[in-house]
Protein chains: 2
Amino acid sequence: MRIAVVGGTGREGNGLALGWARAGQEVVLGSRVMERAVRAAEAINAAVGRAAAAGRLNRDAAAAGEIVVLTVPYDAHETTLKDIQEAVRGKVLVDVTVPVDPAKPRHLRIPPGGSAAEEAQALLGPETRVVAAFQNISHAHLDHGGASACDVLVCGDDADARQEAVRLAGWLGFRGLDAGPARNARVVEGLTVLLMGINRRYKVKAAGIRITGLPETPSG
Amino acid sequence: MRIAVVGGTGREGNGLALGWARAGQEVVLGSRVMERAVRAAEAINAAVGRAAAAGRLNRDAAAAGEIVVLTVPYDAHETTLKDIQEAVRGKVLVDVTVPVDPAKPRHLRIPPGGSAAEEAQALLGPETRVVAAFQNISHAHLDHGGASACDVLVCGDDADARQEAVRLAGWLGFRGLDAGPARNARVVEGLTVLLMGINRRYKVKAAGIRITGLPETPSG
C-alpha cells in the first residue's frame, strides 16, 4: 500500500514512515519544505535498503497516497488540512494530532471542535473518512522498530476506515483496536497528555496503554 | 482505615467495599435506604467472616468514614454530594462517578463541569480534596476479588490525596497510578465509555487498561 505521511519529517511522522517502509509498504513523506522531505525519504531508503520512500510537498504527498496519515503539530492542523483537502477527497485520513497547547503542554486542552480528529472531519466533509490513531504511541517505540506492549486505539465514524487504521498499526507491530466513534477521540487524544504526565511523574520515557481483558488476538 | 462507601449497595460500590473488607479494612456502607445498607453490610460480614462492615444512611456513612468513596449513578451525583457535603469536609472524597447518560449510555458525555470529579470539587469547595479513581475497574474484577492486570488511574489537584487513593487501590490488588490534576479526570471518566464499547465490539465483559512502560513497582 502507498501510505502518505503528511508532516513526515517530524519525529512521530518519520518514525511511522520508517516502520511502514520496514514492513514492506511504499511511503510518501510530505513536508512544507521539499528538500526536507527528500532528505528524510533518502534516510529511510538507506535504512531499509530499498527505494521505499519518496519526498514531496505535503499536498503532493497526500495526492500520491492511497491512505493519508497526518502528523503535524496542532497549531499547523487547520492550515495543513486546508492545504491537503482536495488531495484527500475519497480517502481515509488518519489523524495523529494531539491538541496540545505549546505554551502549556502539560495542560489537557479540549479544542473547540471536541478533538482534533472531529475538527478534521468537520473541515474535510463527509467525502473524506477521518480516523484518529497513533496519538499514544511514543516516537521512542517507533524508533526502536520493534513490537511493543502498547495498543493503538482507533476512533472514527466509519467502521471500514477504522479497520484500515487497525491494519496500519499491525504493520508496525502494534495491536490496533476499534475504539468506536470519532467522539471517543477526545479520550484518546487526552490520554496522550495524561501519559506525558506519567512519564514525568514516574521518570520514564514512553508510557503507553494496553487494553486488558481481551483475547490475545481480537478478531475485531 | 475506616472507609465509607456512599452508594455502597450498588454493584461497583459493593464490590469495592467487599475488597477493602477482605483486605482487613473497616467499611461503612451508605445507601439512601437504611435497610439496604444494613443488608449489604451483613452480606460482606458473612463473606469475610468478621464484623468488617456496617450499614448507614449515605450522610451518616460519610460522617463515619476517615475517607469517603462516592459510587452513585451520575444522575444522583449532585444530590448525593449536597447530602454529604458537611460530612466530608476536611476529608478526601474519592469520586468513582462516570457521567453516563442513561438514555444514551454508549455515547461519551462531557458534563457541564468538564468531569464528574471536577463538578464534585467545585460543589464541595476547597476544604474537601476530591480525587477521581476506580471508574475503569469493572465490578466483574472486584467480584472475583483477585489482583488484576488493570491499573487504577488517580486524578485530583492534591498530590497527597492522590496518594491516599493509590493506597486504596493497592489494598484491592490493583496498581494505582498518579495520573495528574483533576482536569485529567475528563480522560479517565471518558475511558470508561470507550472500554464499554470495546466490551461490546470484542465480545468481552471487563476490558480495562494498563499503563505500559513503567517499572513493575513504580515508586510514585
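Residues numbered from 1 in each chain as written. Chains lettered and ligands numbered in written order. Predicted model: local features only at pLDDT ≥ 70, side-chain atom pairs only at ≥ 80, totals over all residues. Heavy atoms only, no water.

J.: So what about the overall build of chain A? Which residues, and what values?
T.: A count of helical and extended segments in chain A gives eight helices and nine strands. Over its C-alpha trace chain A gives a radius of gyration of 16 Å, about what one expects of a compact globule, namely 17 Å for 220 residues. For chain A, the residues scored as buried account for 57% of the 220 residues in total. Expressed as a percentage of contacts within chain A between residues at least 6 apart in sequence, the contacts between residues at least 24 apart total 73%. When the accessible surface of chain A is summed, it comes to about 8,800 Å², and 50% of that surface belongs to carbon and sulfur atoms. Measuring between centres, the 26 positive side-chain charges of chain A sit 7 Å from its 24 negative side-chain charges. (Helix = DSSP H or I, 4+ residues; strand = E, 2+ residues; numbered from the N terminus. Rg over C-alpha atoms; globule rule 2.2 N^0.38 Å. Buried < 20%, exposed > 50% of the residue type's maximum accessible area, 1.4 Å probe, protein only. Contact = heavy atoms within 4.5 Å. Areas by Shrake-Rupley, 256 points an atom, 1.4 Å probe, with all protein chains shown as cover. Lys, Arg positive; Asp, Glu negative; His and termini not counted. Charge placed at Lys NZ, Arg CZ, Asp CG, Glu CD.)

J.: Could you give an account of the sheet that holds strand β5 (residues 92–95) of chain B, naming the residues involved and the relevant values?
T.: Residue and element names in this part refer to chain B. Taken in spatial order, the eight strands of this open sheet run β3-β2-β1-β4-β5-β6-β7-β8, and their pairing is mixed. Looking at which strands have only one partner, the edges of the open sheet turn out to be β3 (53–57) and β8 (175–178). Going across the sheet, the axis of each strand differs from the next one's by a mean of 25 degrees, ignoring polarity. Judged from the five bridges that link them, strand β2 (residues 26–31) and β3 form a sheet pairing that is parallel. In the sheet register, G30 faces β3, and the bridge partner there is R56. (Pairing = 2+ DSSP bridges. Axes fitted to C-alpha atoms, helices over the stretch in contact; angles between N-to-C directions.)

J.: Which residues make up the interface of chain B and chain A, and what are the values?
T.: Taken together, the 38 residues of chain B in the interface contact 38 residues of chain A. Our count for the contact surface shared by chain B and chain A stands at two salt bridges. Here R201 of chain B ties to D178 of chain A by a salt bridge, and the two come within 3.7 Å at their closest N and O atoms. Here chain B is connected to chain A by eleven residue pairs in polar contact (both at pLDDT 80 or more). For the side of chain B that touches chain A, the secondary structure elements donating two or more residues are β8, α8 (185–201) and β9 (208–212) of chain B. Sort the elements by how many residues they give to the side of chain B that touches chain A and α8 of chain B lands first, with nine residues. Residue classes in the side of chain B that touches chain A are distributed as 23 nonpolar, nine polar and six charged. Relative to β9 of chain B, strand β9 (residues 208–212) of chain A runs antiparallel, the two being bridged by five bridges. For I209 of chain A, the partnering residue across the bridge sits in β9 of chain B and is I211 of chain B. (Salt bridge = Lys/Arg side-chain N within 4 Å of Asp/Glu carboxyl O. Polar contact = N/O pair within 3.5 Å; in protein donor to acceptor, adjacent residues only side chain to side chain. Nonpolar A, V, L, I, M, F, W, Y, C, P; charged D, E, K, R; others polar.)

J.: For the sheet that holds strand β1 (residues 2–6) of chain A, give the residues involved together with the corresponding values.
T.: Residues and elements named next belong to chain A. Within the open sheet, the eight strands sit side by side as β3-β2-β1-β4-β5-β6-β7-β8. Their pairing is mixed. Only two strands of the sheet have a single partner each, and these edge strands are β3 (53–57) and β8 (175–178). Going from strand to strand, the sheet's axes swing by 25 degrees on average, the running direction of each strand aside. Along the sheet, helix α2 (residues 34–48) contacts β2 (26–31) and β3; its crossing angle with β3, the most-contacted strand, is approximately 170 degrees.

J.: Any details on the relation of the copies chain B and chain A? Residues and values, ideally.
T.: Taken as rigid bodies, chain B and chain A are interconverted by a rotation of 180 degrees and an axial shift of 0.0 Å, the fit giving an RMSD of 0.0 Å. Here the two chains are linked by the operation of a two-fold rotation axis. Mapped onto chain A, 100% of the interface residues of chain B are again interface residues, and the two copies thus contact each other with one and the same surface. (Least-squares fit on C-alpha atoms with pLDDT ≥ 70 in both.)

J.: Lay out the environment of Q121 of chain B in plain terms, naming residues and giving numbers.
T.: Residue and element names in this part refer to chain B. Among the structural elements, Q121 can be located in helix α5 (residues 116–124). With ten residues separating them along the chain, Q121 and V131 place their C-alpha atoms 8.5 Å apart. Beyond its immediate chain neighbours, meaning those up to four positions away, Q121 contacts P126, T128, R129 and V130. Within the local environment of Q121, its side chain forms a polar contact with the backbone oxygen of T128, the two atoms lying 2.7 Å apart.

J.: Break down the packing of helix α4 (residues 77–84) of chain B against α5 of chain B for me, citing the residues and quoting the values.
T.: Residue and element names in this part refer to chain B. Two numbers describe how α4 lies on α5: the axes approach to 10 Å, and their chain directions differ by 35 degrees. In terms of crossing hand, the pair formed by α4 and α5 is right-handed. On α5, the residues that touch H77, E78, L81 and K82 of α4 are A116, E119, A120, L123 and L124. Classifying every residue of the contact of α4 with α5 by side-chain character gives five nonpolar, one polar and three charged. (Left-handed = near helix turned anticlockwise from the far one by under 90°.)

J.: If you had to explain the pattern of salt bridges to someone new, which residues and values would you point to?
T.: Oppositely charged side chains are able to pair whenever their charged atoms sit close together. By the definition in use, this model includes 24 salt bridges over all chains. A salt bridge links E118 of chain A to R186 of chain A, with the shortest nitrogen-to-oxygen separation between them at 2.8 Å. With E118 of chain A in helix α5 (residues 116–124) and R186 of chain A in helix α8 (residues 185–201), this residue pair connects regions lying 68 residues apart in the sequence. R175 of chain B is paired through a salt bridge with D151 of chain B; the nearest N and O atoms lie 2.8 Å apart.

J.: Describe the packing of aromatic side chains, with residues and values.
T.: Residues and elements named next belong to chain A. With the rule as written, the count across this model stands at two aromatic pairs over all chains. Ring geometry for W20 against F134: centres 5.7 Å apart, planes inclined by 80 degrees, an arrangement best described as edge-to-face. Taken together, the residues W20 in helix α1 (residues 11–22) and F134 in the loop between β6 (129–132) and α6 (139–144) connect sequence positions 114 residues apart. Residue class for W20 comes out buried when judged on its relative accessible area of 0%. (Phe/Tyr/Trp six-rings, centres within 6.5 Å; stacked < 30°, edge-to-face > 60°.)

J.: Tell me about the state of the cysteines, residues and numbers included.
T.: Residues and elements named next belong to chain A. Enumeration over the complete set of coordinates arrives at zero disulfides over all chains. We note that C155 lacks a disulfide partner, and the nearest cysteine sulfur, in C150, lies 16 Å from it. Residue class for C155 comes out buried when judged on its relative accessible area of 1%. (Disulfide = S-S within 2.5 Å.)

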